[in-house]
Amino acid sequence: MINVTKTFFPPLNEYQAQLQRIWKNEWLTNNGELYQELSAKLKEYLGVNHIIPMTNGTFPLHIALNAFANQGEVITTPFSYVATTASIVWEKCTPVFVDIHPQYLTIDETKIEAAITDKTTAILATHVYGNPCAVEEIEAIAQKHNLKAIYDAAHCFGVNYKGKSIFNYGDVSTCSFHATKLFHTGEGGAVFCQNKDIYHQLFYRHNFGHKGRLEYHGLGTNAKMSELQAAMGLSVLPYMKHIITERERVCDYYDAHLDFSQLNKLKLREHTDWNYSYYPVIFKTEAQLLEVKTRLESQNIYPRRYFYPSLEALPYVKSNTCPVARDIAQRVLCLPLYVGLENEKVIEICTFINA
Ligand SMILES: *Cc1c(COP(=O)(O)O)cnc(C)c1O
């Protein structure tokens with residue numbers, strides 16, 4: 001069986017060596033040695049200013065919105081994973097959907113200003129498949145209207161834009177370290193920000209609001225990353241070059257063997273060093289997509305309709321019409337992409353798609 005993705009497992013003995021450190025320390029969570037080491041190594045690897053590793057990639061969204069969106073209207077994209085919209089609603093904010101660019105698939109920055117009202121507090125946009133949003137334009141709009149720019153950068157581990165980490169754009173960026181993502185800690189994630197004050201706001205919220213043992217800065221929750229998660233992260237991190245190179249190989253094979261008279265590819269934004277996180281293809285019609293998907297599934301190959309449906313169609317939001325996102329969501333399919341997917345298999349998949 002070939003799935004859309006396959007979790008990268010580091011050598012077991014290397015994970016065990018990390019676990020041994022935990023047993024020796026007899027320390028499982030709360031700012032442990034491995035957590036500190038992972039934070040420092042990620043900071044260096046990514047070239048970011050501030051990082052707070054967390055227990056998954058959804059808590060960072062909740063916490064950023066809790067800190068900065070004040071239960072107001074949040075301008076967001078309908079073309080993302082459900083966590084993006086769900087976090088907005090969970091934090092008692094109102095999602096206001098702005099349609100996407102038909103080729104970059106990120107929020108259409110030219111349509112943001114028309115959606116701003118006196119209730120708008122933040123913009124939460126997703127760098128889709130690791131493809132950066134129009135960050136300069138979005139940040140100019142955010143500054144002009146005194147809004148926070150928050151990016152769901154769940155797909156963006158290792159992505160650089162104009163020579164620096166994409167996590168260094170906006171007020172806050174979030175990433176997921178889930179098992180299906182490029183870099184993982186099993187479950188896990190992180191929040192990134194540019195200044196000390198924002199860091200403090202986010203940090204205390206992820207640790208019950210604690211100010212020392214007996215005092216509190218304010219309301220908080222528990223989103224701390226444990227030593228067990230950090231052990232996995234420290235075991236996976238040395239393989240990032242291998243992981244990205246392998247995925248590049250698979251993407252190059254798709255590029256060389258797919259029939260692009262029938263399909264469109266994602267258009268990467270200029271000045272992007274991409275991470276090969278997904279291989280989406282856009283069919284001409286939904287019927288064509290469904291036909292190819294059925295054909296692949298009959299061969300035990302399971303691509304994924306990602307993202308589908310478009311999020312403004314969720315039952316718990318007030319729908320705005322986003323015709324581009326709705327249309328793309330019906331026609332986009334992510335093809336299998338992971339370390340160790342053999343060239344012959346990729347050619348086989350292309351043959352079934354091109355047929
Ligand atoms: C994976 C993902 C998330 C959620 O991350 P978790 O670590 O699974 O909580 C949020 N947003 C997007 C765009 C994602 O792909």
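Residues numbered from 1 in each chain as written. Predicted model: local features only at pLDDT ≥ 70, side-chain atom pairs only at ≥ 80, totals over all residues. Heavy atoms only, no water.

Caption draft 1: Here's a closer look at the pattern of salt bridges. Across all of its chains, the model carries 14 salt bridges by this definition. A salt bridge links Arg21 to Glu37; its shortest N-O distance comes to 2.7 Å. Here Glu37 lies in helix α2 (residues 33-46) and Arg21 lies in helix α1 (residues 12-25), a separation of 16 residues in the sequence. The class of Arg21 is partly exposed, set by a relative accessible area of 21%. Across the pair Glu297 and Lys293 runs a salt bridge, and its minimum N-O distance is 3.2 Å. Placement of both Glu297 and Lys293 in helix α9 (residues 286-297) is noted, with a separation of 4 residues, approximately one turn of the helix. In this structure Glu297 comes out as partly exposed when scored by relative accessible area, which is 27%. Members of the salt-bridge network, linked through shared partners, are Arg21, Glu33, Glu37 and Lys41. (Salt bridge = Lys/Arg side-chain N within 4 Å of Asp/Glu carboxyl O. Helix = DSSP H or I, 4+ residues; strand = E, 2+ residues; numbered from the N terminus. Buried < 20%, exposed > 50% of the residue type's maximum accessible area, 1.4 Å probe, protein only.)

Caption draft 2: Structural view of the site of the ligand. Every one of the 14 residues lining the ligand counts as a neighbour, but Thr58, Asp152, His155, Ser176 and Lys181 are closest to it. Here an oxygen atom of the ligand and a backbone polar atom of Gly57 are 2.8 Å apart. One of the side-chain N or O atoms of Lys181 is found 3.2 Å from an oxygen atom in the ligand. A total of 380 Å² of accessible area belongs to the ligand in isolation, and the protein chains cover 93% of it. The residue makeup of the shell around the ligand, split by class, is 4 nonpolar, 8 polar and 2 charged. (Near = heavy atom within 4 Å. Polar contact = N/O pair within 3.5 Å; in protein donor to acceptor, adjacent residues only side chain to side chain. Areas by Shrake-Rupley, 256 points an atom, 1.4 Å probe, with all protein chains shown as cover. Nonpolar A, V, L, I, M, F, W, Y, C, P; charged D, E, K, R; others polar.)

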